[in-house]
Amino acid sequence: MENESRRSPLSTGIAGLDEVLHGGYPLGRATLVVGTPGSGKTILGIQFLVAGVRDADESGLMISFEEPPAALRAIAVRLGMSADTGHNATVMFIDGRPMLETIGSGAFDLNGLVAIVVAEIRRSKVRRVVFDGIDVLFSATGRAAALGKEFRRLIQCTDAEGVTSLVTLKPGTGDHDLPQRIDALEYAADAVVRIDYRLIEGLLQRVLRVVKVRDADFASGEHPFLITARGLSVSCLPAKKKETITSYDRVSTGISRLDDMLDGGLLRSSVTLVSGLPGTAKSTLGANFLLAALARGEQCLLVALDEPAPQLVANVRSVGIDLQPFIASGHLRLLSRNAAGAIGHQHYLTIVAEIEEWKPTTLVIDPISALEKAGGSEIAIAVAERLTNLVKERGMLALFTAIANIELAERETTTLHISTIADTWMHLNFGVKGGERNRTLTIIKSRGTAHSNQIREMSLSADGVTLEDVYEFDGDFLLGSARLERTQQDNRDVLERETRVRELLRELEDRRENANSKLRDIKREMLDVDEQIIAISAESVSLEAQTTRDRNEVRVRRQGHAIGDA
Amino acid sequence: MTPIAREQSLFVLFISSGSINSETAIANVERALKFVNLSARDVEVIDVHQQPDVALASHIFVTPTLLRRSRIEPRMVGDLSSFDQLTDFLR
């Protein structure tokens, strides 16, 4: 067996789990699934069987020791199992719940189960079997010690029949020897998957971990997963990066001058991060980006993690960005998620499900930094990383906004980390000029693109977002390469210079006046000091005279001589 | 519920041929029968491997299992090594 090379695995029917298991469950072998109550074992099992019918026209059999067949059938229907699939294959359910009035009396074995299952496998050409909640048989009879041996009996039978099987069980309570027992089962099984859930910062996170797959590799570590109406979906970050789509096509940001700064626009199959303080118009820039994509006829997905997406759409209308017609025409979909309401991976999986179902080509997430509220910075970064991989695998165009103050870089770990993943990073800020606060835009980096490093003024009007040609920086004027509207701009420059010079003069006058008043103060202080010096000198002279007089008086009282007496 | 036909014995003992548990259970039942004034005719022994459909219909996942023909439960599960429990059940 050890020398046998691994047979091709069998798809689990669960998004992401195939990646974790490098293909699926070992074909024709048993996989043990260990999970606490409510962790999703039963759904995992049913998904495997439903996928068998749907994708491989293979019949499946589930023997449940916990739930009635009607409830299981309902789950199967919800997961896409329909009565008339056009398939010959089907999923059968056997009620294995122990009788309540069972008197345990001595050693037993699972030969009854083996006989029933073998008969059913042969009769109905079953290729997949799930034993759901096998621990119940043993706890009901108080003979947990027999579990290991009977588990081996069971998997020997399914292995011999060549069917692929799942055996699920709960770690259980009240049996102190159970950890060792499960270790023994894990040794016997060809693959072991553990599923669990826990609370992270008050949010429920479901996690899945593969303990072993005999003679095969798998993605180690904990993989967060989600249970939705479609069943489980596992978030797997593959160790090896998948093939990504590289494209040299330029696409417009929706702002022609920004495109100029980016040497023609953004690359398709890239992620752009737009960071900035609240109010720097990140969302507006994102909406403008969407509008450009929609104008090209693309399908777009807007994910709003802070304010609800319709609110965002209403807000950008005031600056002339009308997304409403595209929502109506079905080209733009909105997905509003309350970031703090679930763990980051759940948001991720929801976004993935939406992308897989609908296949948009442009994605905007506003703001991705809100994921910090969904379990902390580490999770936010991991999710951003996964989303970035997804975008590139699919050759999409994505823009993420993030609230950040890059002057406080050490506090902005999330945004800074995301910026390292992003292909293009633009930072929006406020610049103070001539007593006004103006929005500025800087391209901090743009991979694979000759880009301008100027700070530009960005203005919002009823006509949308525009970039002004020039913006002053540290008192210097930086001239843009785009001198397309030179005449207009010259006037603007002159005006700007004049304003600046006037301001500088006023400033210098202020400084002179300041210095003058300081000078007056210093002169006054010097006079003051001189007066004090004179006063103290006079005082010290008179003090000395007084001291001499006092000493003489002491001598006289001792009947000595006065100083100066011969 | 139980489509167990054939001879109308009072009890049915589901076993798995060749298993030590089952052989022990058969021996224990034979010994107990005398004490409750029953004969071997009163217990039908069914091998689950020979009649898996009967086992399924009677929810026999575990062997050995002893039950009355008329009712699916209560039932006794195991090698029936407790003599007192077994005679109580057969009475």
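Remember, it's a predicted structure, so these values are computed and weren't measured experimentally.

J.: I keep staring at the overall build of chain B and nothing clicks. Help me out?
T.: Within chain B, the regular secondary structure consists of 3 helices and 4 strands. Counting across all 91 residues of chain B, residues that qualify as buried make up 52%. Taking as baseline every contact in chain B between residues at least 6 positions apart, the subset at least 24 positions apart corresponds to 68%. For chain B, the computed accessible surface area is about 4,400 Å², with 51% contributed by carbon and sulfur atoms.

J.: Teacher, can you tell me more about helix α3 (residues 83-90) of chain B here?
T.: At 3.6 residues per turn, the α-helix brings residues three or four places apart onto the same side. Residues and elements named next belong to chain B. Those residues of α3 lying buried are L86, T87, F89 and L90. All buried residues of α3 fall inside an arc of 160° around its axis, so they share one side. Exposed side chains of α3 directed beyond 90 degrees from the buried face belong to D84 and D88.

J.: Just checking my understanding: could you explain the interface of chain A and chain B for this structure?
T.: Facing 27 residues of chain A, the contacting portion of chain B comprises 28 residues. Taking both partners together, chain A and chain B bury about 2,200 Å²; carbon and sulfur atoms supply 59% of that area. Considering only the surface of chain A that becomes buried against chain B, M99, I103 and S105 of chain A emerge as the three largest contributors, covering 27% of it. Taken together, chain A and chain B are joined by 1 salt bridge.

J.: Please explain the side chain of N21 of chain B as it appears in this structure.
T.: Within the secondary structure, N21 of chain B is located in helix α1 (residues 20-35). Among the polar contacts listed, one links the side chain of N21 of chain B to the backbone oxygen of F108 of chain A, at a separation of 3.3 Å. Not counting residues up to four positions away in its chain, the partners in contact with N21 of chain B are A107, F108 and D109 of chain A together with P64 and D79 of chain B.

J.: In this structure, what is going on with the side chain of T388 of chain A? I would like to understand it.
T.: Locating T388 of chain A in the fold gives a position in helix α13 (residues 377-393). In this structure T388 of chain A touches V271, F400 and I421 of chain A, once residues within four positions along its chain are discounted.

J.: I tried to follow the packing of helix α4 (residues 111-124) of chain A against helix α6 (residues 147-161) of chain A on my own but got confused; where do I start?
T.: Residue and element names in this part refer to chain A. It is at 10 Å that the axes of α4 and α6 come closest, and there the two elements cross at 15°. If you check the angle between α4 and α6, you find them roughly parallel. You can see that α4 and α6 cross each other, and the crossing is right-handed. Only R153, L154, C157 and E161 of α6 make contact with α4, whose side of the interface consists of N111, L113, V114, V118, I121 and R122. A class-by-class count of the residues in the contact of α4 with α6 yields 6 nonpolar, 1 polar and 3 charged.

J.: It is not clear to me how the packing of aromatic side chains should be interpreted in this structure. Could you clarify?
T.: Here a ring pair, both rings aromatic, is described through the centre-centre distance and the interplanar angle of the planes. By the definition in use, this model includes 4 aromatic pairs over all chains. Between F65 of chain A and F61 of chain B the ring centres are 6.2 Å apart and the planes differ by 85°, which places this aromatic pair in the edge-to-face class. Residue F65 of chain A is located in the loop between β2 (59-64) and α3 (69-78), and its partner F61 of chain B is located in the loop between α2 (52-57) and β3 (65-68); the two belong to separate chains. Across the pair, exposure class does not vary: F65 of chain A and F61 of chain B are buried alike. Sitting over the face of the ring of F89 of chain B, R68 of chain B holds its NZ or CZ atom 6.0 Å from the ring centroid.

J.: Just checking my understanding: could you explain the pattern of salt bridges for this structure?
T.: Charged atoms that come close allow side chains of opposite charge to pair. Residues and elements named next belong to chain A. Tallied over the entire structure, the rule returns 25 salt bridges over all chains. One salt bridge in this structure joins D159 and R29, with 3.5 Å as the shortest N-O distance. Of this pair, D159 sits in helix α6 while R29 sits in the loop between α1 (17-20) and β1 (30-35); the two residues are 130 residues apart in sequence, bridging distant segments of the chain. The exposure class of D159 is partly exposed, given its relative accessible area of 21%. Assessed through its relative accessible area of 17%, R29 is described here as buried. The closest approach of N and O atoms between R296 and E298, which form a salt bridge, is 3.0 Å. For R296, a relative accessible area of 35% puts it in the partly exposed group.

J.: Please explain the sheet that holds strand β5 (residues 126-132) of chain A as it appears in this structure.
T.: For sheets, the rule is that strands pair by backbone hydrogen bonds, running either parallel or antiparallel. All names here are of chain A. Taken in spatial order, the 9 strands line up as β3-β2-β5-β6-β1-β7-β8-β9-β10 in an open sheet, and their pairing is mixed. With partners counted over all chains shown, the strands left at the sheet margins are β3 (91-95) and β10 (231-234), one partner each. Taken pair by pair, the neighbouring strands of this sheet meet at an average axis angle of 25°, ignoring direction. Alignment of β2 against β5, held across 6 bridges, turns out to be parallel. Opposite S64, over in β5, you have D132 as the bridge partner.

J.: Would you explain the sheet that holds strand β4 (residues 75-77) of chain B in this entry?
T.: Read from one edge to the other, the open sheet built from 5 strands follows the order β4(A)-β4(B)-β3(B)-β1(B)-β2(B), with strand pairing classed as mixed. Edge positions in the sheet fall to β4 (102-104) of chain A together with β2 (43-47) of chain B, since each has one partner strand and no second. Pairwise comparison of adjacent strand axes, ignoring direction, gives a mean angle of 20° for this sheet. Pairing geometry for β4 of chain A and β4 of chain B, over 3 bridges, is parallel. Bridging across to β4 of chain B, G104 of chain A finds its partner in V77 of chain B. The sheet strands contacting α1 of chain B are β1 (11-15) and β2 of chain B, and the helix crosses β1 of chain B at an angle near 160°. Contacts from α3 of chain B reach β4 of chain A together with β1, β3 and β4 of chain B within the one sheet, and its direction differs from that of β3 of chain B by about 25°.

J.: Please clarify how a negative patch on the surface should be interpreted in this entry.
T.: On the surface, E525, D528, D530 and E531 of chain A cluster together into a negatively charged patch. Note on placement: E525 of chain A falls in helix α15 (residues 486-557).

J.: Where do I start with the environment of S377 of chain A in this structure?
T.: All names here are of chain A. With respect to the helices, strands and loops of the structure, S377 is situated in helix α13. Here S377 falls in the partly exposed class, since its relative accessible area comes to 25%. When the C-alpha positions of S377 and G344 are compared, they lie 9.8 Å apart, and in sequence the two are 33 residues distant. Beyond its immediate stretch of four places on either side in the chain, S377 contacts E372, T413 and T414.

J.: Even after reading the chapter, I still don't get the pairing of β10 of chain A, so can you show me in this structure?
T.: Every other side chain in a regular strand lies on the same face of the sheet, so the side chains alternate between the two faces. Residues and elements named next belong to chain A. In this structure, strand β9 (residues 222-228) lies alongside β10, joined through 4 bridges in antiparallel fashion. Paired with I227 across the strands is L232, a residue of β10. Two successive antiparallel strands, β9 and β10, enclose a turn made up of 2 residues.

Criteria and cut-off values
The residue numbering used here restarts from 1 in each chain and proceeds along that chain's sequence as written. Chains carry letters and ligands carry numbers; both start at the beginning, A for chains and 1 for ligands, and go up in the order they are written. Totals for whole chains, interfaces and linings use every residue, but because this is a predicted model, local features are given only for residues with pLDDT of at least 70 and side-chain atom pairs only at 80 or more, for both listing and counting. Computation of side-chain values: all heavy atoms of the structure, hydrogens and water removed. Numbering of helices and strands runs from the N terminus, with a helix taken as a DSSP run of H or I at least four residues long and a strand as a DSSP run of E at least two residues long. Three labels apply to residues, based on accessible area from a 1.4 Å probe with only protein chains included: buried if under 20% of the type maximum, exposed if over 50%, partly exposed otherwise in between. For this analysis, residues touch if any pair of their heavy atoms sits within 4.5 Å. Computed by Shrake-Rupley with a 1.4 Å probe, the accessible areas treat only the displayed protein chains as cover when residues are assessed. As used here, the arc belongs to the directions running from the helix axis to the C-beta atoms. Accessible area, probed at 1.4 Å, shrinks when two parts are joined; the buried area is that loss added up over both. Take a side-chain nitrogen of Lys or Arg and a carboxyl oxygen of Asp or Glu: if they are within 4 Å of each other, that pair is a salt bridge. For this analysis, a polar contact is any N or O atom pair within 3.5 Å, provided that within protein one partner can donate a hydrogen and the other can accept it, and provided that sequence-adjacent residues contribute only side-chain to side-chain pairs. In this analysis an axis means a line fitted to C-alpha atoms, helices contributing only their contacting stretch, and an angle means the value between N-to-C directions, from 0 to 180 degrees. Throughout this description, any angle smaller than 35 degrees is read as roughly parallel, any larger than 145 degrees as roughly antiparallel, any in the 65 to 115 degree range as roughly perpendicular, and the remainder as oblique. What makes a crossing left-handed is the near helix being turned counterclockwise from the far one by less than a right angle; a clockwise turn instead makes it right-handed. Only Asp, Glu, Lys and Arg are considered charged in this grouping, and only Ala, Val, Leu, Ile, Met, Phe, Trp, Tyr, Cys and Pro are considered nonpolar; every other residue, Gly among them, is considered polar. The pairing test for Phe, Tyr and Trp rings, Trp by its six-membered ring, is centres within 6.5 Å, and the orientation test on the planes gives stacked under 30 degrees, edge-to-face over 60, and tilted for anything in between. Here, over-ring charges are defined by two tests on the NZ atom of lysine or the CZ atom of arginine: distance to the ring centre within 6 Å, and angle to the ring normal within 35 degrees. Strand pairing is assigned whenever DSSP detects at least two bridges linking the two strands. What makes a patch is a set of residues exposed beyond 30% relative accessible area and free of salt bridges, joined within 9 Å when like-charged and within 5 Å when nonpolar (Val, Leu, Ile, Met, Phe, Trp, Tyr). Residues counted as positive are Lys and Arg, residues counted as negative are Asp and Glu, and His and the chain ends are not counted. A charged residue contributes its charge at one atom only: NZ of Lys, CZ of Arg, CG of Asp or CD of Glu.

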